[in-house]
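# Report on the structure
Single-letter residue listing:
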Amino acid sequence: MKKTLSILTLAALLSAVGAACAADHGSLPRNYESWEKSKARVITDKKSMFYGIHYIYVNKKAMPTYKTGGANYPDGSRFVAVNYSIKEEGGKQVPGKKTMIVMMQRDKKQQETGGWRFVGFTPDGKSSGLDGKRDCFGCHEKDAKDRGFVLSRYADFK
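Residues numbered from 1 in each chain as written. Predicted model: local features only at pLDDT ≥ 70, side-chain atom pairs only at ≥ 80, totals over all residues. Heavy atoms only, no water.

### A word on the side chain of Ser38
- Checked against the element boundaries, Ser38 lands in the loop between strand 1 (36-37) and strand 2 (41-43).
- Accessibility expressed as a relative area gives 5% for Ser38, which makes it buried.
- A polar contact of 2.8 Å, which involves the side chain of Ser38, links it to the backbone nitrogen of Ile56.
- What Ser38 contacts, discounting residues up to four positions off in sequence, is Tyr55, Ile56 and Phe157. (Helix = DSSP H or I, 4+ residues; strand = E, 2+ residues; numbered from the N terminus. Buried < 20%, exposed > 50% of the residue type's maximum accessible area, 1.4 Å probe, protein only. Polar contact = N/O pair within 3.5 Å; in protein donor to acceptor, adjacent residues only side chain to side chain. Contact = heavy atoms within 4.5 Å.)

Dropping the structure here:
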């Protein structure tokens, strides 16, 4: 009986730790596809992490700052980029299979990454284990520090 209780206690503890870690990484917003959506961006450099065709979705909280090119995004601002492979149809490059989804969410507690939480997802919306500091922030810091670490620009959005 004690052994069974200990195993159940351990299982409950591991489950709680797992849930806390998942919550810390963030989750994909269910309604992001209803946010304002960019035109398709095509990256043909096969060495790029973003090789393919992608769209950027911006929530209402981020949009006013994004439109002005500002840097002071309010907490809760979110950007979701959805990447697809490139497929040829009728001589045109069109989206193929979904390859990944990434999100950046303004969270001023995330000081190591400029006040943003970076989260990666598989094509079906499950956490990909992306490390925001290692895999994302270096480029954002290098290329967009003056724009609040947001790489894309509203002028390229529409």
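### Some points on the pairing of strand 5 (residues 92-106)
- In this sheet, strand 5 lies alongside strand 4 (residues 78-89) in antiparallel orientation, the contact comprising 11 bridges. Directly across from Phe79, in strand 5, lies its bridge partner Met104.
- Note: strand 5 against strand 6 (residues 116-121), 6 bridges, orientation antiparallel. Its bridge partner lying in strand 6, Met103 is registered against Val119. (Pairing = 2+ DSSP bridges.)

### Quick word on the pattern of salt bridges
- Tallied over the full model, the rule gives 6 salt bridges.
- Here Arg134 makes a salt bridge to Asp135, at a shortest N to O gap of 2.8 Å.
- Residue Asp135 is classed as partly exposed on the basis of its relative accessible area, which comes to 28%.
- In this structure, Asp143 engages Lys142 in a salt bridge whose closest nitrogen and oxygen atoms are separated by 4.0 Å. (Salt bridge = Lys/Arg side-chain N within 4 Å of Asp/Glu carboxyl O.)

### Some details on the packing of aromatic side chains
- The tally for this structure, following the rule as stated, stands at 9 aromatic pairs.
- Relative to Phe79, the ring of Tyr73 has its centre 5.7 Å away and its plane inclined at 75°; by these criteria the two rings are edge-to-face.
- Looking at Phe79, the relative accessible area reads 4%, which means it is buried.
- Measuring from centroid to centroid gives 6.3 Å for Phe118 and Phe137, while their planes differ by 50°, and the two rings are tilted. Taken as a pair, Phe118 in strand 6 and Phe137 in helix 3 (residues 132-144) lie far apart in primary sequence, 19 residues in all.
- Judged by its relative accessible area of 9%, Phe118 falls in the buried class.
- Residue classification places Phe137 among the buried residues on the basis of a relative accessible area of 6%.
- Of note, Lys37 hangs over the ring of Tyr55, and the distance from its end group to the ring centre comes to 4.3 Å. (Phe/Tyr/Trp six-rings, centres within 6.5 Å; stacked < 30°, edge-to-face > 60°. Lys NZ or Arg CZ within 6 Å of the ring centre and 35° of its normal.)

### Considering helix 3
- Given a rise of 1.5 Å per residue, 13 residues ought to cover 18 Å, yet the end C-alpha atoms of helix 3 are separated by just 15 Å, more than 12% below that figure.
- Close packing links the buried residues of helix 3 with strand 5 and strand 6.
- You can read the cap of helix 3 off the contacts: a side-chain oxygen lies 3.0 Å from the backbone nitrogen of Lys133, and it is on Asp131. (Expected span 1.5 Å × (residues − 1).)

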